[in-house]
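So you can see what is in the structure, the chains are spelled out below.
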Amino acid sequence: MTFSAFVAILTLHMFAAISPGPAVLMAARTGVTEGLRTGAMLALGIGVGAAFWAVMAVFGLSVLFEYAPFLLTTLKIVGGAYLMYMAWKMWKSAKEPMDMNIEGRAPRTLFSAFWLGVTTQLSNPKPVVFFGAVFVGMIPQGTPAWVIGALLFWIIAIEAIWNTIVARIFSFERTRKGYISLKTVMDRCFGGLLALLGLKIATT
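Residues numbered from 1 in each chain as written. Predicted model: local features only at pLDDT ≥ 70, side-chain atom pairs only at ≥ 80, totals over all residues. Heavy atoms only, no water.

**As for helix α5 (residues 110–122)**
Residue pairs three or four apart in sequence face the same way in an α-helix, which turns once every 3.6 residues. Here α5 spans 18 Å end to end across 13 residues, near enough to the 18 Å set by a 1.5 Å rise per residue. Listed in full, the buried residues belonging to α5 are Ala113, Phe114, Leu116, Gly117, Val118, Thr119, Thr120 and Gln121. (Helix = DSSP H or I, 4+ residues; strand = E, 2+ residues; numbered from the N terminus. Expected span 1.5 Å × (residues − 1). Buried < 20%, exposed > 50% of the residue type's maximum accessible area, 1.4 Å probe, protein only.)

Here's what the structure looks like:
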């Protein structure tokens, strides 16, 4: 693989990572409700989830979906349903007051935040379609394992860095105060957007 192809793959992935979706939405909400530390662990989990789909693409999962499209349909339905379940939980708890004492504590364990990031990414089948198309089209046969490893490292890094930035922006005190004053509305907006994303994934 040429260096230009390597950079092109990562550039395409960067644009895919920063586009609004379930991962970015979850990073924003975690940042505003639970702070940067928890948001950073969530972002790392999102990166690992993306790397999982990239590995699956390397092993030909996208080719399998071409021969057995019902598997992709099932994955979309299950993933979309999971996102809508998370949206329902946000909507249901929208009127609950928010604990202001964020400093010095993690509202959820760091592993829990990490795992939420992983499952959020795994519930979205679009990365496997993206990686399948990009990897099949741009990674030649016989590419050394260390090059694939380097790609996976940067995929994790790009996802983790971007979503940490999102969490950081939404963790600022001014942002948090604005959120608290409009918590019911904001939580229902977050939940509604997540539900729409889940519905779109399940039906397209």
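**A short note on the confidence of the model for the protein**
Here the protein averages 80 in pLDDT, and 85% of its residues register 70 or above. Here residues 100–106 scores under 50 on pLDDT; set against residues more than four positions off or in separate chains, the count is nine contacts. (pLDDT = per-residue confidence, 0-100. Contact = heavy atoms within 4.5 Å.)

**A closer look at the packing of helix α2 (residues 22–58) against α5**
In contact at an axis separation of 6 Å, α2 and α5 are set at 55 degrees when each is read in the N-to-C sense. The orientation of α2 with respect to α5, classified from their angle, is oblique. Note that α2 runs across α5; the crossing there is right-handed. (Axes fitted to C-alpha atoms, helices over the stretch in contact; angles between N-to-C directions. Parallel < 35°, antiparallel > 145°, perpendicular 65-115°, else oblique. Left-handed = near helix turned anticlockwise from the far one by under 90°.)

**Focus on the nonpolar core**
If you look at the biggest cluster of nonpolar residues, it comprises 18 residues, and the most contacted ones within it are Leu10, Phe131, Leu151 and Ile155. Of all elements in the fold, only α1 (3–18), α2, α6 (126–138) and α7 (145–171) reach the threshold of two or more residues within this core. For this core, the element with the highest residue contribution is α7, accounting for six residues. If we skip the residues at most four places from it in the chain, leucine 151 touches Met1, Phe6, Ile9, Leu10 and Ile139. (Core = buried A, V, L, I, M, F, W, Y, C linked by side-chain atoms within 4.5 Å.)

**With respect to the packing of aromatic side chains**
Taken as a whole and assessed by the stated rule, the structure comprises three aromatic pairs. Where phenylalanine 52 meets tryptophan 53, the ring centres are 5.5 Å apart and the plane angle is 65 degrees; that geometry is what we call edge-to-face. Classification of phenylalanine 52 by relative accessible area gives partly exposed; the value is 38%. On the numbers, 5.3 Å between centres and 80 degrees between planes, the contact of phenylalanine 153 with tryptophan 154 is edge-to-face. The class for tryptophan 154 is partly exposed, based on a relative accessible area of 41%. (Phe/Tyr/Trp six-rings, centres within 6.5 Å; stacked < 30°, edge-to-face > 60°.)

**A look at α1**
Along its 16 residues, α1 runs 23 Å from first to last C-alpha, staying within 8% of the 22 Å computed at 1.5 Å per residue. Buried within α1 we find Ala5, Phe6, Ile9, Leu10, His13 and Ala17. The arc enclosing the buried residues of α1, seen along the axis, measures out at 130 degrees, which places them on a common side. Opposite the buried face of α1, by more than 90 degrees, sit the exposed residues Ser4 and Phe15. (Arc of directions from axis to C-beta.)

**Focus on a nonpolar patch on the surface**
Together, Met84, Leu193, Leu196 and Leu199 make up a nonpolar patch on the protein surface, roughly 360 Å² of accessible area in all. Considering each element in turn, the nonpolar patch owes the most residues, three residues, to helix α9 (residues 183–203). Topologically, leucine 196 is positioned in helix α9. Taking the relative accessible area as the measure of exposure, leucine 196 reaches 56% and is therefore exposed. (Patch = residues over 30% accessible without salt bridge, like charges linked within 9 Å, V, L, I, M, F, W, Y side chains within 5 Å. Areas by Shrake-Rupley, 256 points an atom, 1.4 Å probe, with all protein chains shown as cover. Salt bridge = Lys/Arg side-chain N within 4 Å of Asp/Glu carboxyl O.)

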